[in-house]
Amino acid sequence: MAKELWKGNEAVAQAAIRAGCKYFFGYPITPQNEIPEYFSKHLPLVGGCFIQAESEIAAINMVYGAAGSGARVMTSSSSPGISLKQEGITYIACAELPAVIVNMMRGGPGLGNIAPSQADYFQATRGGGNGDYRTVVLAPATIQEAADLVQEAFDIADYYRNPVVVLADGMIGQMMEAIEWRDPKKRELPQKTWAANGTFDKREHNIINSLFIDAGDCTVQNKKLEEKYRAITQNEIRYDLSGDEEPEVVLVAYGTTSRIARAACIQLKEKGIKASLFRPITLWPFPEKALHDEAQKPSVKAVVTVEMSMGQMVDDVKIAVNGIKPVEFFGTGGGTIPTPQQIVQKIVTVVGGK
Amino acid sequence: MTHEIIISGFGGQGVMAIGKSIAEAGMKEGMDVSWLPSYGPEMRGGTANCSVVLSHNPIISPLVQNPTELIAMNKPSLIKFEPAVTAGGLILVNSSIIEIKTTRTDVTSAYIPCLEIATELGNLKVANMVMLGAYIEATKVVSVETIREMLVHMFTGPKAALVELNIEALRRGAACIK
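None of these values were measured; they are calculated from a predicted model. (Residues numbered from 1 in each chain as written. Chains lettered and ligands numbered in written order. Predicted model: local features only at pLDDT ≥ 70, side-chain atom pairs only at ≥ 80, totals over all residues. Heavy atoms only, no water.)

### Observations regarding the overall build of chain B
Convention followed: Only DSSP runs of H or I reaching four residues or more are called helices, and only runs of E reaching two or more are called strands; each is numbered from the N terminus. Our radius of gyration is a C-alpha quantity, and the globule rule it is checked against amounts to 2.2 Å times the number of residues to the power 0.38. A simple rule labels every residue: compare its accessible area, found with a 1.4 Å probe on the protein chains alone, to the largest value its type can have, and call it buried under 20%, exposed over 50%, or partly exposed in between. Residue contacts are defined here by distance: any two heavy atoms, one from each residue, within 4.5 Å place the two residues in contact.
Of the regular secondary structure elements, chain B holds 7 helices and 6 strands. When the helices and strands of chain B are listed from N to C terminus, the series reads β-α-β-α-β-β-α-β-β-α-α-α-α. Taken over C-alpha atoms, the radius of gyration comes to 15 Å for chain B, in line with the 16 Å a tight globule of 178 residues would show. Dimensions of chain B, computed from C-alpha atoms along their principal axes, come out at roughly 45 × 40 × 35 Å. Within chain B, the fraction of its 178 residues that count as buried is 54%. Sequence separation of at least 24 residues holds for 55% of the intrachain contacts in chain B that already meet a minimum separation of 6.

What follows is the structure, encoded as structure tokens:
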């Protein structure tokens, strides 16, 4: 198929429609407004429904309702808007419903600004909502990967009955790249026998609920969730490793930052410093073992995490590396994109120039 | 070769469209392309710019720090980005509204009176196409034929007449390049 030039936000919306998403509920916020704009035009054409809700809280609860009836449903927002959706996300996780939530991150905290950022890593991977729950977190670095991962996010959500977060940033939302439309790998998806979509007098009522008033019942539900999260951790970890096979330094970066880190790797090579780039594609589950293995190589002197935040993923990197090598951090907060030169400079101070 | 281009001007001058046209034409000619707009507060203040990368190799980062080519549609853009252009690079200046000259001696500069030419062609909206024509002539990065195919696809029905107007604008822009 011929390549087409797509803007990130529009590719995300089109990918969802290709994946069979029929419902979108959201509230406008820059830098992701082209997502609802695209859905508002195109969902009615495929027999779906777009609603611009009165608030983010209303939107996520509409997602809860549509997911509970077994529909493929999505919402999107950017950082402060995603904060407002956290209550709904923990309800959806507890009720074990499939839904896709896209966050085109912007500078924070607070209202912050509209520039690209990665400072919602904790919120996405730790759960900004209450209770012991997890969301699968997918982090695309290109428009092609965004288009691929959004389609697959719906399958992952359906397969595990779990919310899936696609975590990107304003740059990926706003930029255009050439992409090819392709289908995700086929998964055998279970029937949605749990959906509250009408009994037609043929079965008992299905009840969608996140209230387990009896502590014993709630404990059972927590155990069940834990088993599911273990299965996801076993099956869904994804990462990309590139660069030198015997690196002195391992760079760890995801999404937009991984592209800048790759440019830095090339400059490092010119300086005679061997570097590899470890790019987590799933932020949860985090590719812990693979990163540990990379850090363990005898050539590696240090691991350097680069983020558009003041230091969030670096915690997961430290857990993965588990003290076997020093872990350093370079980050830019508040919506600033690091330059390759800044990254190179940091690495030269860590491993020494030549 | 990798072309890293910054196109900058006032909102409404068609700088995003110039960038998209270059990116799309590059894609159709088999190159790897990226287009990154400014969308921040500077855009709300009246100036807008976009970064376009075209390469025969996979594009690593879509951010352009040091453009190989700068298209300045207004004066603030020229002042802001001129120092960043790589040595041996190209600066195209919309001389209709930019009265100053470039100060760099290590780059090639060309001055394109986009508005005057567009006025002669009877449609001010093609001023950005005049600039695009100059850019293509100066760099040969894509062929005018590819742009024509895109225009034919874009302007259909009652708008089909705009194809030739735009092609003429490209031609007149190209003629400004010696």
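### Things to note about the interface of chain B and chain A
Defined as follows: Computed with a 1.4 Å rolling probe, the buried area is the accessible surface lost when two parts are put together, summed over both parts. We call two N or O atoms a polar contact when they sit within 3.5 Å, provided that within protein one can donate a hydrogen and the other can accept it, with sequence-adjacent residues counted only if both atoms are side-chain atoms. Nonpolar residues are Ala, Val, Leu, Ile, Met, Phe, Trp, Tyr, Cys and Pro. Charged residues are Asp, Glu, Lys and Arg, and all others, Gly as well, are polar. When DSSP finds two or more bridges between two strands, those strands count as paired.
Contacts between chain B and chain A engage 18 residues on the former and 25 residues on the latter. Across the chain B/chain A interface, buried area totals approximately 1700 Å², and carbon plus sulfur atoms make up 71% of it. Considering only the side of chain B, the residues that lose the most area to chain A are B:Met27, B:Tyr39 and B:Ile60, jointly responsible for 37% of the buried surface there. Viewed at the interface, chain A and chain B are joined by 3 residue pairs in polar contact (both at pLDDT 80 or more). For the side of chain B that touches chain A, the secondary structure elements donating two or more residues are helix 1 (15-28) and strand 2 (32-37) of chain B. Looking at which element gives the most residues to the side of chain B that touches chain A, the answer is strand 2 of chain B, with 5 residues. When its residues are assigned to classes, the side of chain B that touches chain A shows 11 nonpolar, 4 polar and 3 charged. With 2 bridges connecting them, strand 8 (residues 176-179) of chain A and strand 2 of chain B associate as antiparallel partners. The residue bridging A:Met176 from the neighbouring strand is B:Trp35, located in strand 2 of chain B.

### Describing the domain arrangement of chain A
The figure often quoted for interface size is the accessible area lost as the parts come together. Residues and elements named next belong to chain A. Heads up, the condition is: What fixes the domain bounds is an automatic or database domain assignment. A carboxyl oxygen of Asp or Glu within 4 Å of a side-chain nitrogen of Lys or Arg is what we treat as a salt bridge.
Taken domain by domain, chain A comprises domain 1 (4-192 + 207-235) and domain 2 (240-351). If you average the C-alpha positions of domain 1 and of domain 2, the two centres end up 27 Å apart. Contacts between the two partners involve 34 residues from domain 1 and, on the opposite side, 27 residues from domain 2. In total, domain 1 and domain 2 occlude about 2400 Å² of area from one another, counting both sides; carbon and sulfur atoms represent 54% of this. At the junction of domain 1 and domain 2, the tally comes to 3 salt bridges. Put simply, Asp 316 and Arg 126 hold a salt bridge, and the shortest N to O gap is 2.8 Å. The interface formed by domain 1 and domain 2 holds 16 residue pairs in polar contact (both at pLDDT 80 or more) in total. Considering every element that reaches the side of domain 1 that touches domain 2, the biggest residue donor is helix 6 (residues 121-127), with 4 residues. Considered class by class, the residues forming the side of domain 1 that touches domain 2 number 19 nonpolar, 9 polar and 6 charged.

### Overview of the layout of surface pockets
Applied cut-off: Using protein atoms alone on a 1 Å grid, points that fit a 1.4 Å probe yet trap it form a cavity, whereas open point sets bounded by protein on both sides within 12 Å along at least five of seven lines form a pocket; residues with an atom within 4 Å of a point count as lining. Grid points are joined across faces, edges and corners, and a volume is the space filled by probe spheres set on the points.
Roughly 1100 Å³ of internal volume is contained in the largest pocket. Of all elements in the fold, only helix 10 (255-270) and helix 13 (340-351) of chain A together with strand 1 (3-10), strand 2, helix 2 (41-44), strand 3 (47-55) and helix 3 (75-81) of chain B reach the threshold of two or more residues within the lining of the largest pocket. The element best represented in the lining of the largest pocket is helix 10 of chain A, accounting for 5 residues. Split by residue class, the lining of the largest pocket holds 23 nonpolar, 17 polar and 4 charged. Both domains that meet at the lining of the largest pocket, namely domain 1 (4-192 + 207-235) and domain 2 (240-351) of chain A, each give it at least three residues. Within this model, the second largest pocket holds a volume of roughly 660 Å³. Of all elements in the fold, only strand 1 (4-7) of chain A together with helix 1, helix 5 (127-139), helix 6 (144-154) and helix 7 (162-174) of chain B reach the threshold of two or more residues within the lining of the second largest pocket.

### Things to note about empty space enclosed by the protein
Residue and element names in this part refer to chain A. In total, this model carries 2 cavities of 30 Å³ or more according to the counting rule given. Reported here for the largest cavity is a volume of approximately 90 Å³. In this structure, the largest cavity is lined by 13 residues; those nearest its centre are Gln 86, Ile 89, Gln 123, Ala 124 and Val 165. Taken together, the elements giving at least two residues each to the lining of the largest cavity come down to helix 5 (86-94), strand 5 (99-105), helix 6 and strand 7 (163-169). Here the element with the most residues in the lining of the largest cavity is helix 6; it accounts for 3 residues.

### Notes on the sheet that holds strand 9 (residues 239-243) of chain A
Residues and elements named next belong to chain A. We count it as follows: Axis definition: a line fitted to C-alpha atoms, limited for helices to the stretch in contact. Angles are taken between N-to-C directions and run from 0 to 180 degrees.
Strands sit in the order 9-11-10-13-14 across an open sheet of 5 strands; the sheet is mixed. Since the sheet does not close on itself, it has two edges, and those belong to strand 9 and strand 14 (327-331), each with one partner. Between one strand axis and the next, the sheet turns by 20 degrees as a mean value, whatever way the strands run. Against the sheet, helix 12 (residues 313-321) engages strand 10 (249-252), strand 11 (275-280), strand 13 (302-307) and strand 14, with an angle of about 160 degrees to strand 13.

### Topic: the environment of A:Ala19
Residues and elements named next belong to chain A. On the secondary structure map, Ala 19 appears in the loop between helix 1 (8-18) and strand 2 (23-26). Take Ala 19: its relative accessible area is 13%, and that puts it in the buried class. Here the alpha-carbon distance between Ala 19 and Glu 152, two residues 133 residues apart in the chain, equals 7.7 Å.

### Here's the deal with the packing of helix 10 of chain A against helix 13 of chain A
To characterise two packed helices, one gives the angle between the axes of the helices and the distance between these axes. All names here are of chain A. To keep it simple, the criterion reads: Here the angle decides the label: under 35 degrees means roughly parallel, over 145 means roughly antiparallel, 65 to 115 means roughly perpendicular, and every other value means oblique. Helix crossings are classified by the rotation of the near helix relative to the far one: an anticlockwise turn of less than a right angle makes the crossing left-handed, while a clockwise turn makes it right-handed.
Interhelical geometry of helix 10 versus helix 13 gives an angle of 55 degrees and a closest axis separation of 8 Å. Put simply, helix 10 runs oblique to helix 13. Where helix 10 crosses over helix 13, the two elements pack in a sense that is right-handed. Contact residues: helix 10 offers Ile 260, Ala 261, Ala 263, Ala 264, Gln 267 and Leu 268, while helix 13 offers Pro 340, Gln 341, Ile 343, Val 344 and Ile 347. Grouping the constituent residues of the contact of helix 10 with helix 13 by class yields 9 nonpolar, 2 polar and no charged.

### Points about the confidence of the model for chain B
Let me state the cut-off plainly: On a range of 0 to 100, pLDDT expresses the predictor's confidence in each residue.
Within chain B, residue pLDDT values average 94, and 96% of them lie at 70 or more. The complex prediction reports pTM at 0.96, with the ipTM value standing at 0.93.

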